[in-house]
Amino acid sequence: SMKELSFTFLALAAAMLSNVSSSLRGVLSKKTMSGKKIGENLDAQNLYAVLTAMSTLLLIPMMLAIEGTGFIPAFKAAVEAGSFTNKSLSTLLLLGGATYYLYNEVAFLALGKVNPVTHAVGNTIKRVVIIVASVVAFKTPMSTGSIIGSSIAIFGTLLYSLAMNSVKK
């Protein structure tokens, strides 16, 4: 929230750009998945793999241009701090990347089965569930604004579900 010390408008803008980009990816990918055949064996799984490979090719040079090789000293510092070995940190990074890829692939497969708006609403409620579960698990107090925001997201999802069900009937 704006009252927190870590709040910056740049971070807010980046988060909003991320949300818009994610929504656009979902809508455009769904458009690509439905309709004409665009290639041999280009189902939802393969489309996600192609998009990921293309994104990687675009983002690695950008990462190197902006960040340089700063990740190498950071990796070494984490190992020197004594919490990790080279192997354990490398394994954790690879597992983190692999599970994130699989999570997104499953989300992409779900997108292939549902409406993009339904998918976006599901993503919203998933975020609220994660926030509430984290609050419970880590015993973090929620501000009034967080409670109101979570309630609006849950209520909005309920209204959307009811509206979609009434349209189907």
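Provided above is the structure to which this section pertains.
The shown structure was predicted, so the numbers you read here are calculated from the model rather than taken from an experiment.

(A) Layout of the overall build of the protein chain. When you go through the protein chain residue by residue, the secondary structure sums to 6 helices and 0 strands. When the helices and strands of the protein chain are placed in sequence order, the string is α-α-α-α-α-α. Here the C-alpha atoms of the protein chain give a radius of gyration of 20 Å, more than 25% beyond the 15 Å that 2.2 N^0.38 yields for 169 residues. Principal axes of the C-alpha set define a box for the protein chain whose edges measure 60 × 50 × 30 Å. Residues counted as buried form 13% of the 169 residues belonging to the protein chain. Intrachain contacts of the protein chain at a sequence separation of at least 6 include 54% that bridge at least 24 residues. Split by element, the accessible area of the protein chain, about 12800 Å² in all, is 71% carbon and sulfur. On the protein chain, the mean spot of the 14 positive side-chain charges and the mean spot of the 6 negative ones are 13 Å from each other.

(B) Structural view of the layout of surface pockets. Taken as a whole, the largest pocket spans an internal volume of roughly 960 Å³. As for the largest pocket, its lining consists of 31 residues, and the residues nearest its centre are S21, S22, R25, Y100 and N104. Elements that contribute at least two residues to the lining of the largest pocket include exactly α1 (9-33), α2 (44-67), α4 (86-113) and α5 (116-138). Here the residues of the lining of the largest pocket sort into 15 nonpolar, 13 polar and 3 charged.

(C) Quick look at the packing of α1 against α4. As a packed pair, α1 and α4 sit with axes 9 Å apart at the nearest point and diverge in direction by 60°. On the basis of the axis angle, α1 is oblique to α4. For the crossing formed where α1 meets α4, the hand is right-handed. The segment α1 lies against α4, with R25, G26, S29, K30 and M33 engaging N104, F108, L111, G112 and K113. Grouping the amino acids of the contact of α1 with α4 by side-chain chemistry returns 3 nonpolar, 4 polar and 3 charged.

(D) How the structure looks around unusual backbone geometry. Non-glycine residue K139 carries a positive phi angle of around 55°. Looking at the element boundaries, K139 is found in the loop between α5 and α6 (144-168). K139 sits in the exposed class, given a relative accessible area of 71%.

(E) Quick look at the packing of aromatic side chains. Under the counting rule described, the total for this entry stands at 3 aromatic pairs. When the ring of Y48 is compared with that of Y101, the centres are 5.0 Å apart and the planes differ by 45°; the resulting orientation is tilted. Here Y48, found in helix α2, pairs with Y101, found in helix α4; they are 53 residues apart in sequence, far enough to count as distant. A relative accessible area of 6% means that Y48 is categorised as buried. The exposure class assigned to Y101 is partly exposed, which follows from its relative accessible area of 27%.

The rules behind these values
Residues numbered from 1 in each chain as written. Predicted model: local features only at pLDDT ≥ 70, side-chain atom pairs only at ≥ 80, totals over all residues. Heavy atoms only, no water. Helix = DSSP H or I, 4+ residues; strand = E, 2+ residues; numbered from the N terminus. Rg over C-alpha atoms; globule rule 2.2 N^0.38 Å. Buried < 20%, exposed > 50% of the residue type's maximum accessible area, 1.4 Å probe, protein only. Contact = heavy atoms within 4.5 Å. Areas by Shrake-Rupley, 256 points an atom, 1.4 Å probe, with all protein chains shown as cover. Lys, Arg positive; Asp, Glu negative; His and termini not counted. Charge placed at Lys NZ, Arg CZ, Asp CG, Glu CD. 1 Å grid on protein atoms, 1.4 Å probe; cavity = no way out; pocket = protein on both sides within 12 Å on 5 of 7 lines; lining within 4 Å. Points joined across faces, edges and corners; volume = space filled by probe spheres on them. Nonpolar A, V, L, I, M, F, W, Y, C, P; charged D, E, K, R; others polar. Axes fitted to C-alpha atoms, helices over the stretch in contact; angles between N-to-C directions. Parallel < 35°, antiparallel > 145°, perpendicular 65-115°, else oblique. Left-handed = near helix turned anticlockwise from the far one by under 90°. Phe/Tyr/Trp six-rings, centres within 6.5 Å; stacked < 30°, edge-to-face > 60°.

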